[in-house]
Amino acid sequence: QVQLGESGGALVQAGGSLRLSCAASGRTFSSAAIAWFRQAPGKEREFVAAVGWSGGTPYYADSVKGRFIISRDNAKNTMYLQMNSLKPEDTAVYYCAAGRGPLFSGRGEHQYNYWGQGTQVTVSS
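Owing to the predicted nature of the structure, the values given are computational and were not obtained by experimental measurement. (Residues numbered from 1 in each chain as written. Predicted model: local features only at pLDDT ≥ 70, side-chain atom pairs only at ≥ 80, totals over all residues. Heavy atoms only, no water.)

Undergrad: Explain the sheet that holds strand S8 (residues 78-83) to me, please; I cannot follow it from the model alone.
TA: The strands making up a sheet associate through hydrogen bonds between their backbones, and the pairing can be parallel or antiparallel. Pairing within the open sheet is antiparallel, and its 4 strands lie in the order S1-S3-S8-S7. Each having just a single partner strand, strand S1 (3-7) and strand S7 (68-73) make up the two edges of the open sheet. The mean angle between the axes of side-by-side strands here comes to 15°, regardless of whether they run parallel or antiparallel. Pairing geometry for S1 and strand S3 (residues 18-25), over 5 bridges, is antiparallel. Residue Gly5 lies in a different strand from S3, and its bridge partner there is Ala23. (Pairing = 2+ DSSP bridges. Helix = DSSP H or I, 4+ residues; strand = E, 2+ residues; numbered from the N terminus. Axes fitted to C-alpha atoms, helices over the stretch in contact; angles between N-to-C directions.)

Undergrad: Looking at this structure, I do not really get the side chain of Thr91. What am I missing?
TA: Mapped onto the secondary structure, Thr91 falls in the loop between S8 and strand S9 (92-98). A distance of 2.9 Å separates a polar atom in the side chain of Thr91 from the backbone oxygen of Pro88. Here the side chain of Thr91 touches Val123 through a polar contact of 2.9 Å, landing on its backbone nitrogen. Each residue touching Thr91, except ones within four places of it in the same chain, is listed here: Ala40, Pro41, Gln120, Val121, Thr122 and Val123. (Polar contact = N/O pair within 3.5 Å; in protein donor to acceptor, adjacent residues only side chain to side chain. Contact = heavy atoms within 4.5 Å.)

Undergrad: Where do I start with unusual backbone geometry in this structure?
TA: Across the chain, the bulk of peptide bonds are trans and the bulk of non-glycine residues have phi less than zero. We note that Asn77 has phi near 50°; this positive angle belongs to a residue other than glycine. Looking at the secondary structure, you find Asn77 in the loop between S7 and S8. Relative accessible area serves as the criterion here: at 21%, Asn77 is assigned to the partly exposed category. Not every positive phi belongs to a glycine, and Ser85 is a case in point at roughly 50°. (Buried < 20%, exposed > 50% of the residue type's maximum accessible area, 1.4 Å probe, protein only.)

The values are spatial; any link to function lies outside them.
The following block contains the structure:
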């Protein structure tokens, strides 16, 4: 069992940066693939980024590639999303998620079993 809690959401101007954190509890976090999703108002939740248990090859949505960086610190049971060059279209509630297995297995919500409560990111133009 893994419990997740995001922090770091804020109001930021376009072009700015923000780092989201997600603290995890449970012994299985360090052996699980992790991901970030986001949901903008009136839209479905969408994949943002993911990485496997060892923090190896990351996977990104095309819309954030080159601007966002996913990372994890298994010793601290924490995952991060560094967001740079933010755009108004990045405005959304951001969720962290963890899967049951150690490897990245896809970009679908159903592949992640544990979710945080979300943190709001608002980018003003």
